[in-house]
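Structural description and commentary
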Amino acid sequence: MNREEILKKYEPTRENLLYILHDIQDSKNEKYLSEEDLVAVSRYLKISRSEVVGVATFYTMFSVKKRGQHIIRVCVSPPCQLMGGNTIFNYLRKTLGVKEGETTSDNMFTLESSSCLGVCAVAPAMMIDDQMFGNLTPEKIDEIITRYREKKNG
Amino acid sequence: MAKIYNLLLCAGASCISSGGYSFRDKLVEELKKHNIENMVNIVETGCVGICELGPVVIVYPDGVFYKKLKPEDAKDIVEEHLLKGRVVGRLLYKEKDSEKIVQQASQIPFFQKQLKIVLRNCGIINPESLEEYIGKDGYSALAKVLTEMKPEDVIKEIKDSGLRGRGGAGFPTGLKWELVRNSKGGEKYVICNADEGDPGAFMDRSVLEGDPFSVIEAMTIAGYAVGAKQGYIYVRAEYPLAIKRLRSAIKKAYEENLLGKNIFGQNFDFDLEIRVGAGAFVCGEETALMHSVEGQRGTPSPKPPFPADRGLFGKPTLINNVETYANVCQIILKGSKWFSSIGTEKSKGTKVFALAGAINNTGLVEVPMGTTLKEMVYEIGGGLPNDKKFKAAQIGGPSGGCIPEEYIDTPLDYESVKKLGTIIGSGGLIVMSEDTCMVDLAKYFLEFTQDESCGKCPSCRIGTKKMLEILNRISKGRAKVEELDLLIHLGEQISKTALCGLGQTAPNPVLSTLKYFKDEYLEHINEKKCRAGVCFKKKK
């Protein structure tokens, strides 16, 4: 669905703003909200651009910067930290060769941190897009990353 | 052909994240290979609770419980158990000390101590099947309410039950309903707070994933009781599976006229919509949540006005959390007397706790209020891994505090826990062994609240930052002793002056560790020593 089709799906009322931003962001390969997107949304909902930008930059799951095809969100909340979450985050940084918030050179992954993912019983955990992964170890991360890369190539 | 076996496969987020679906796919493949897929019914249920052992399957009619399943185990379960009737011994649960093998789920100590009201259907029914929910008395409560009870009767029943809010503050639920009912202002709203952001708490996710109809039914009852025609469930975007199952359940409820116009043929309409967050912890605060539903930035507003007077879109609004709603139908069906007979004098019913951290049986447990911390840790939780010594438990997440070893016999109820300077909160219970540094723990939680502070009020925005700076200096051995007083002073000021509940409670993890583990703070400052061996490590 393109932006215009997404907008038409919703009544032009303010309460649909978060849904619209989610949908537009998900529809794009670079998983972000461009300036044109924000302008289009503000026109459609008849609210000021700054209001839209205010919302888009308040919530951590929206991005106004281009991102990779898959978003890796590593849980950095205390229960995961206590179970070695930092080691996992460092390992991902090393494996992917990026810092937090950066995208791999092949545009495959963007590495982000997340507050509690709610699977503390299988900490440390991360999410790739909508998929949850728990009980992480460096080996398990290798396996998961390889699987994603193979899926792309295969 | 009649189905001979029912395989209950846990499809909660924890089991899926440890490979539950890879196992399922292999299982289906094996069933097909042996041409017996018609004999076996695979039911994907919500969370069974014992996430540590995931992925898990329970095979009925025998009730055999298999744990930690890998895709290659599917072959044995099919060829041995299903075809030859021989239980696969190596996949059974073994008791830790006695090495006793346990076949039935009901015999595992983890389940034996529990009393399930909120989680009654989780792990038992297919969460997306309305028929299965109805088979478990689903929608009998709504039928009773709409045909036999006046709104005032419903509110009286909830009030008499003694149910209190399970989201953190513990406000009497029935009283809240009454305030909204009596509030003047025409249109009213009912909201379910499913923005479960407390690190360490995941019971609301499990209820939504495992029994979404129970929340939908309860919200409909609430709508009838307070006089609202429109409801919203605000779910955090980090819970895609919960959102998916909730969507499917709402759709089915509409198809069967359990939502919409003239429900049960009565003169009562109720519509329900989902609103999805976008990653902001502060939206768990009720005024912030309502702003987010309205499509605004999710920042809190001062109270009063309370939501019961002026809430969503400026109208009177009832807002309860998932676990609170999940109690409602059972109270209506079994009566307030039954409910209030469970728990302690002032804390009625059960509470779901999420066990995490240094504990053998991580997962979700539901116990009567007043169960002691000791029972939770040793009898249900199975003790600490590698027989480590219990040091403390953090309860109530970033808004709560810790309970040290000397108070391990404390009953877990609103009042007893409050006396120790912490809160039941949403029920996150993180167990810590001697390997955890309490300064480090306080720092983790403060880093969290600092990071999640919405920035609207200075005491939270700047105050938590200043506290964190001191903590960082302590953990590096660069602080002065006087700074401990400053830390307490800052904490107390933030508690008094922050705009919302989350800000007001943000200093709790620091204040509570300082109260019980001041010697550890002093060791860091005076001796540059960390007894847990966590701080002062040289960076590699």
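Conventions adopted
Residues numbered from 1 in each chain as written. Chains lettered and ligands numbered in written order. Predicted model: local features only at pLDDT ≥ 70, side-chain atom pairs only at ≥ 80, totals over all residues. Heavy atoms only, no water. UniProt positions renumbered as here; feature names shortened; annotations may be inferred. Core = buried A, V, L, I, M, F, W, Y, C linked by side-chain atoms within 4.5 Å. Buried < 20%, exposed > 50% of the residue type's maximum accessible area, 1.4 Å probe, protein only. Contact = heavy atoms within 4.5 Å. Phe/Tyr/Trp six-rings, centres within 6.5 Å; stacked < 30°, edge-to-face > 60°. Helix = DSSP H or I, 4+ residues; strand = E, 2+ residues; numbered from the N terminus. Salt bridge = Lys/Arg side-chain N within 4 Å of Asp/Glu carboxyl O. Pairing = 2+ DSSP bridges. Axes fitted to C-alpha atoms, helices over the stretch in contact; angles between N-to-C directions. Domains from an automatic or database assignment. Buried area = accessible area lost by both parts, 1.4 Å probe.

Per an unreviewed UniProt entry, chain B carries the name NAD-reducing hydrogenase subunit HoxF and comes from candidate division TA06 bacterium 34_109. As stated in UniProt under Sequence similarities (unreviewed entry), the record for chain B gives "Belongs to the complex I 51 kDa subunit family."

Per an unreviewed UniProt entry, chain A is named NADH-quinone oxidoreductase subunit E, and its organism is candidate division WOR-3 bacterium. The heading Sequence similarities (unreviewed entry) in the UniProt record of chain A holds the text "Belongs to the complex I 24 kDa subunit family."

**Focus on the nonpolar core**
The biggest cluster of nonpolar side chains holds 116 residues, and the ones touching the most others in it are L21(A), Y59(A), W177(B), I221(B) and Y325(B). In contact with I221(B), other than residues within four places in its own chain, are A141(B), L142(B), V145(B), V154(B), W177(B), V328(B), C329(B) and I332(B). Counting 49 residues, the second largest nonpolar core, distinct from the first, contains C15(B), L53(B), I108(B) and I359(B).

**A closer look at the packing of aromatic side chains**
Taken as a whole, this structure holds 15 aromatic pairs over all chains when the rule is applied. Relative to F268(B), the ring of Y224(B) lies with its centre 5.5 Å away and its plane at 85°, an arrangement referred to as edge-to-face. Of this pair, Y224(B) sits in helix α10 (residues 212–226) while F268(B) sits in the loop between α11 (240–255) and β9 (271–276); the two residues are 44 residues apart in sequence, bridging distant segments of the chain. On the accessibility criterion, Y224(B) (16% relative accessible area) is buried. Take F268(B): its relative accessible area is 8%, and that puts it in the buried class. Counting every residue linked through ring pairs, the aromatic cluster contains F58(A), Y59(A) and F62(A).

**Some points on the pattern of salt bridges**
Applying the stated rule across the entire model yields 45 salt bridges over all chains. A salt bridge links R245(B) to E128(B), with the shortest nitrogen-to-oxygen separation between them at 3.8 Å. One end of the pair, R245(B), is in helix α11; the other, E128(B), is in the loop between α4 (109–112) and α5 (130–135), and 117 residues separate them in sequence. A relative accessible area of 21% means that E128(B) is categorised as partly exposed. Ionic pairing is found between D519(B) and R531(B), a salt bridge with its closest N-O pair at 3.0 Å. Note that D519(B) is positioned in helix α23 (residues 518–527) and R531(B) in the segment after α23, a separation of 12 residues in sequence. Its relative accessible area of 38% is what places D519(B) among the partly exposed residues. Among the charged side chains, a salt-bridge network with shared partners connects R3(A), E4(A), K28(A) and D37(A).

**Focus: the sheet that holds strand β14 (residues 401–404) of chain B**
Consider a sheet: its strands pair through backbone hydrogen bonds, and that pairing is either parallel or antiparallel. All names here are of chain B. In space, the five strands of this open sheet follow the order β12-β11-β15-β13-β14, with mixed pairing throughout. On the outer flanks of this sheet lie β12 (363–368) and β14, each paired with one strand and no other. Direction aside, neighbouring strands of the sheet carry axes that sit 30° apart on average. As paired strands, strand β13 (residues 390–395) and β14 are joined by four bridges and run antiparallel to one another. Within β14, the residue paired with Q394 across the bridge is C402. Running over the sheet, helix α9 (residues 203–210) touches β11 (350–357), β12 and β15 (428–433) and is turned about 110° from β11. Against the sheet, helix α22 (residues 508–516) engages β13 and β14, with an angle of about 25° to β14.

**Section: the domain arrangement of chain A**
Per the domain assignment, the segments of chain A are domain 1 (3–58) and domain 2 (70–153). Centre-to-centre separation of domain 1 of chain A and domain 2 of chain A, based on C-alpha positions: 28 Å.

**Some details on the interface of chain A and chain B**
Where interface size is quoted, it is often the accessible area lost as the parts come together. Listed by partner, the interface residues are 40 residues for chain A and 52 residues for chain B. Of all residues in chain A, the largest losses of buried area upon contact with chain B belong to E15(A), Y19(A) and F58(A), amounting jointly to 19% of the total for that side. Our count for the contact surface shared by chain A and chain B stands at one salt bridge. Its salt-bridge partner being R275(B), residue E15(A) comes within 2.5 Å of it at the nearest N-O pair.

**A short note on the UniProt feature "binding site: [2Fe-2S] cluster" (unreviewed entry) in chain A**
The sites that UniProt annotates as "binding site: [2Fe-2S] cluster" (unreviewed entry) are C75(A), C80(A), C116(A) and C120(A). Taken together, the annotated residues stretch across 46 residues yet fold into one region, lying no more than 9.4 Å apart by C-alpha. Relative to the helices and strands, C80(A) is located in helix α5 (residues 78–82). For C80(A), a relative accessible area of 4% puts it in the buried group. Filtering out sequence-adjacent residues up to four positions away, C80(A) remains in contact with C75(A), G85(A), A123(A), P124(A) and A125(A). With respect to the helices, strands and loops of the structure, C120(A) is situated in the loop between β2 (109–114) and β3 (126–128). What C120(A) contacts, discounting residues up to four positions off in sequence, is P79(A), G200(B), A201(B), F202(B) and A356(B).

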